Amino acid sequence: MVLADLGRKLNSALSQFSRVSSVDQEALDALLKEICAALLESDVNVKLVSSLRQKVKAKVKAALDTGADKGREGQRKNIVQKAIFDELVHLVDPGVEPYKPRKGYPNVIMAVGLQGNGKTTTCTKLAVHYQKRGFKSCIVCADTFRAGAFDQTRQSATKAKVAYFGSYTETDPVSIAAQGVEKFKKERFDVIIVDTSGRHKQESELFQEMVQISEAVKPDMTVLVLDASIGQAAEAQSRAFKDSADFGAIIVTKMDGHAKGGGAISAVAATKTPIIFLGVGEHLADLDKFAPQPFISKLLG
Ligand code: GDP
């Protein structure tokens, strides 16, 4: 079920609930059943869904026990609706503030993720995003593994009018990353984005390489680029990356496609890391800033 369908299902469950004549246990259970089924169909992890159900029940009970409903049906509905909204927000909000680049300082951002997840595209999108906001931005291509990686960076960075650094001959990604970051620091760039190699599987060499690049460039923020279409696998993938790359932010790509999106949401909870942007298309401007409350509000329509 794609995200728009999830929104429609949640919305329909809530509006059905708003029409019940009596807010009793049966009505609450029926509502929770529909909400949970919709989340599960969207690939949200089963444990998270079950925890949402328990928390909503506990919150509603606590509110009713203290008499917050003032004996009124309408108030009871508000209590239930608010508990559900808050817990949906909680799903996408680990309660951790992401790093915020500041001007006049060389903010180093390192992107990690499996090949094909949209890392290189996202690096350019990020550079464009910050450039538009007055940060002098650039990209370092430290992917020496995939033939054509530097060409891809060169083409997209040129198109985006963003400075870039890479090499056709150097085979050591750590050396390229270090050289690029040093060069751009000297040239007083504000945002230096380091694109790393992806690989198809979570191979140990990939992780070792990430650790070495990280030690060489000392990123202020490491971002995991996660493809929304991987579904349930997002949780295991993000855990594996967290163990070696210790990323501080997630960007979920391909949210415009047929992705369910729930898997990526589960990755937030599994790694307690905030989503900062959503990739919503192949164009350079297709990057939406992510914030938990507006995201859930929009999802519910
Ligand atoms: P990398 O191997 O992780 O560096 O992935 P790329 O940046 O080369 O992207 C792989 C493919 O995904 C390319 O065809 C991109 O155009 C596409 N892509 C990346 N981000 C998005 C997105 O947000 N939406 C869509 N529809 N396609 C994307």
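Here goes a summary of the coordinates provided. As the structure is a prediction and not an experimental result, all values here were calculated from the model.

Judged by nonpolar contacts, the single largest core of 73 residues is most densely connected at Ile 35, Leu 39, Ile 84, Leu 88 and Phe 241. Core analysis: the next-biggest nonpolar cluster, separate from the first, contains 22 residues, Ile 109, Ile 193, Ala 249 and Phe 277 among them.

Glancing now at the pairing of strand 2 (residues 137-142). Counting buried positions along strand 2 yields six of six residues, so the element is predominantly enclosed. Of the two faces of strand 2, the one lined by Ser 137, Ile 139 and Cys 141 and the one lined by Cys 138, Val 140 and Ala 142 are each fully buried. Of the pairings in the sheet, the one linking strand 2 to strand 4 (residues 191-196) comprises six bridges and is parallel in character. Paired with Cys 141 across the strands is Asp 195, a residue of strand 4. Here strand 2 runs beside strand 3 (residues 163-165); their pairing, made up of three bridges, is parallel. What sits directly across from Cys 138, in strand 3, is Ala 163.

So, on to unusual backbone geometry. For Asp 246, which is not glycine, the phi dihedral falls at a positive 35 degrees. You can see Asp 246 is positioned in the loop between helix 9 (233-245) and strand 6 (249-253). A positive phi angle is found at Lys 272, which is not glycine, with a value near 50 degrees. You can see Lys 272 is positioned in the loop between helix 10 (262-271) and strand 7 (275-279). Taking relative accessible area as the criterion, Lys 272 reaches 58% and is therefore assigned exposed.

About the thresholds
Residues numbered from 1 in each chain as written. Predicted model: local features only at pLDDT ≥ 70, side-chain atom pairs only at ≥ 80, totals over all residues. Heavy atoms only, no water. Core = buried A, V, L, I, M, F, W, Y, C linked by side-chain atoms within 4.5 Å. Buried < 20%, exposed > 50% of the residue type's maximum accessible area, 1.4 Å probe, protein only. Helix = DSSP H or I, 4+ residues; strand = E, 2+ residues; numbered from the N terminus. Pairing = 2+ DSSP bridges.

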